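Reading the structure
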Amino acid sequence: MKVILSRKGFDSSSGECPSPIFEDRSFLSLPIPEKHSGVHFADIDGPHRIGQLVEDLSPQVKASDGVHLDPDLRMNSRPRNRGWRPMFGQADAAQRHLHKQGIACGDIFLFFGWFRRVEQLDGRYRYQAGAPDLHMLFGWLQVGEIWRVSEDKDLHIPEWAKDHPHVTTQYGENTIYVAAETDTGYTGGTFRSAVDQLILTREDNTRSRWRLPRWFYPSEGKSKLSYHSNIARWTQYENYAYLQSGARGQEFILDTRDYPEAADWANDLIAKNAS
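Residues numbered from 1 in each chain as written. Predicted model: local features only at pLDDT ≥ 70, side-chain atom pairs only at ≥ 80, totals over all residues. Heavy atoms only, no water.

Overview of the overall build of the protein chain
As a reminder, the rule being used: Starting at the N terminus, helices and strands are each numbered in turn, a helix being any DSSP run of H or I of at least four residues and a strand any DSSP run of E of at least two. Our radius of gyration is a C-alpha quantity, and the globule rule it is checked against amounts to 2.2 Å times the number of residues to the power 0.38. Throughout this description, buried means an accessible area under 20% of the type-specific maximum (1.4 Å probe, protein chains only), exposed means over 50%, and partly exposed covers the range between. Any two residues whose heavy atoms approach within 4.5 Å are treated as being in contact. Accessible surface is estimated by sampling points in the Shrake-Rupley manner with a 1.4 Å probe; for residues, cover comes only from the protein chains shown.
Counting its secondary structure elements, the protein chain contains four helices and twelve strands. For 275 residues, the compact-globule estimate of 2.2 N^0.38 gives 19 Å, and the C-alpha radius of gyration of the protein chain, at 18 Å, lies within 12% of that figure. Along the longest, intermediate and shortest principal axes, the C-alpha atoms of the protein chain span 55 × 50 × 35 Å. For the protein chain, buried positions account for 51% of its 275 residues. Taking the intrachain contacts of the protein chain between residues at least 6 apart in sequence as the baseline, contacts between residues at least 24 apart amount to 73%. Surface exposure of the protein chain reaches about 13500 Å², of which carbon and sulfur atoms provide 44%.

Some details on the side chain of H97
For clarity, the cut-off: Throughout this description, a polar contact denotes any pair of N or O atoms lying within 3.5 Å of each other; where both atoms belong to protein, one of them has to be capable of donating a hydrogen while the other can accept it, and for residues adjacent in sequence the pair is counted only when both atoms sit in side chains.
Structurally, the position occupied by H97 is in helix α2 (residues 92-100). Of the polar contacts made by the side chain of H97, one reaches the backbone oxygen of E251; its length is 3.4 Å. In this structure H97 touches S226, Y227, E251 and I253, once residues within four positions along its chain are discounted.

Quick notes on the pattern of salt bridges
Let me state the cut-off plainly: Salt bridge criterion: a side-chain nitrogen from Lys or Arg within 4 Å of a carboxyl oxygen from Asp or Glu.
Under the criterion given, the structure shown has nine salt bridges. In this structure, R80 engages D72 in a salt bridge whose closest nitrogen and oxygen atoms are separated by 2.7 Å.

Quick look at the packing of aromatic side chains
The description of two aromatic rings rests on the distance between their centres and on the angle between their planes. As a reminder of what qualifies: When the centres of two rings from Phe, Tyr and Trp lie within 6.5 Å, Trp using its six-membered ring, the rings pair. Their planes under 30 degrees apart give stacked, over 60 give edge-to-face, and anything left gives tilted. Counted as over-ring charges are cases with an Arg CZ or a Lys NZ within 6 Å of the ring centre that also lie within 35 degrees of the ring normal.
Summed over all chains, the structure comprises 21 aromatic pairs. For the ring pair Y240 and Y242, a centre distance of 6.3 Å and an interplane angle of 40° mean the geometry is tilted. Over the ring of Y242 we find R202; its NZ or CZ atom is 3.7 Å from the centre of that ring. One Lys or Arg, R207, reaches over the ring of W114 and ends 3.9 Å from the middle of that ring.

Comments concerning the environment of D56
Among the structural elements, D56 can be located in helix α1 (residues 50-57). The exposure class of D56 is buried, given its relative accessible area of 16%. Those residues in contact with D56, other than ones at most four positions away along the chain, are G123, R124 and Y125. At 3.3 Å, the side chain of D56 and the side chain of R124 are in polar contact.

Some thoughts on helix α4 (residues 261-273)
Where we set the bar: To estimate how far a helix should extend, the number of its residues minus one is multiplied by 1.5 Å.
Under the 1.5 Å per step criterion, the end-to-end length of α4 is 18 Å for 13 residues, consistent within 8% with the ideal 18 Å. The inward-facing, buried residues of α4 contact β1 (2-7), β4 (108-121), β6 (134-148), β8 (188-190), β9 (209-213) and β12 (251-255).

Focus: unusual backbone geometry
Backbone phi values are negative for most residues with the exception of glycine, while trans is the configuration of most peptide bonds. Omega for the peptide link from D70 to P71 comes to 0°, which places this bond in the cis form. Inspection of the secondary structure assignment puts P71 in the loop between α1 and β3 (87-90). The backbone phi angle of D122 is positive, close to 55°, even though this residue is not glycine. Along the chain, D122 falls in the loop between β4 and β5 (124-127). In this structure D122 comes out as exposed when scored by relative accessible area, which is 74%. Here the phi dihedral of E238 falls at roughly 50°; this positive angle occurs in a residue that is not glycine. Of note, E238 is situated in the loop between β10 (234-237) and β11 (240-244).

Considering the nonpolar core
Put simply, the rule reads: Among the buried residues, those of types Ala, Val, Leu, Ile, Met, Phe, Trp, Tyr and Cys that are joined through side-chain atoms within 4.5 Å form a nonpolar core.
Of all hydrophobic cores here, the largest spans 46 residues; its most connected members are L5, F27, F109, L110 and L137. Of all the secondary structure elements, the ones that give two or more residues to this core are β1, β4, β6, β7 (175-179), β9, β11, β12 and α4. With seven residues, the top contributor of residues to this core is β6. Those residues in contact with F109 that lie beyond four places of it in its chain are I4, S6, F88, L98, I103, G139, W140, L141, V143, Y177 and E251.

Some remarks on the sheet that holds β9
Filter applied, for reference: Any two strands with at least two DSSP-identified bridges between them are counted as paired. Only the stretch in contact is used when a helix axis is fitted, and all axes are lines through C-alpha atoms; the angle between N-to-C directions ranges over 0 to 180 degrees.
If you walk across this open sheet you meet the three strands as β9-β11-β10, and the pairing is antiparallel. Strands with a single pairing partner mark the edges of an open sheet, and in this sheet they are β9 and β10. For this sheet, the mean inter-axis angle between neighbouring strands, taken without regard to orientation, is 25°. As judged from the five bridges shared by β9 and β11, these two strands associate in the antiparallel manner. Directly across from R211, in β11, lies its bridge partner Y242.

Rendered as structure tokens:
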């Protein structure tokens, strides 16, 4: 099994601001803009008005702008056809990396992004003064099916998936990872609130400097977290491994054959924090 740390949502180039952590510790990953999308920020439902959030917080994004809603993890984000399940699409170089790493059914994506605390003043959102920038996990998807959209000419896309951006837009090496349906829901979703267990960033550091469980440290003879093979990026002290995370790459992959603790770690995060 593989555990994949997948960077998604607003960043310094798409949206140009962090996603919000609200005063009650709930949080919301803002999906990146997509110029030609038929879905707009103002169309996305949920406990917070995303159209207002992007206009209040982003220097460039408007509520009327198109949105790339991916990963699509919340059923109440949009009107859904019967049978809907959480999905995540990847393409081009990022998908080639996933393919090379052998991502398969049963593997777990843990999605993370850039977050910062916000507050409301006179009905408008703003970032809290002095609040740190954080990399934080916001959702998950355990792969139940893999659709090779650009390869499988006989692939049947069900009605409930036909408005996903990796269905409506053609990409190179286009692939969609779909959650399975279970007796109690889906093998995918979002996390409830901003608790320490979900925060990757080391306290009092820039957001790309992470504090991880010590077993993440790449011991000799083991595979390494993808894009992080340079041992100079890593240090270890007491119960933690510290990492200067890479700016390159969307997915960082850990193989549980070398890091068996990763499976229990991911499953524990989901069990304790899933909405």
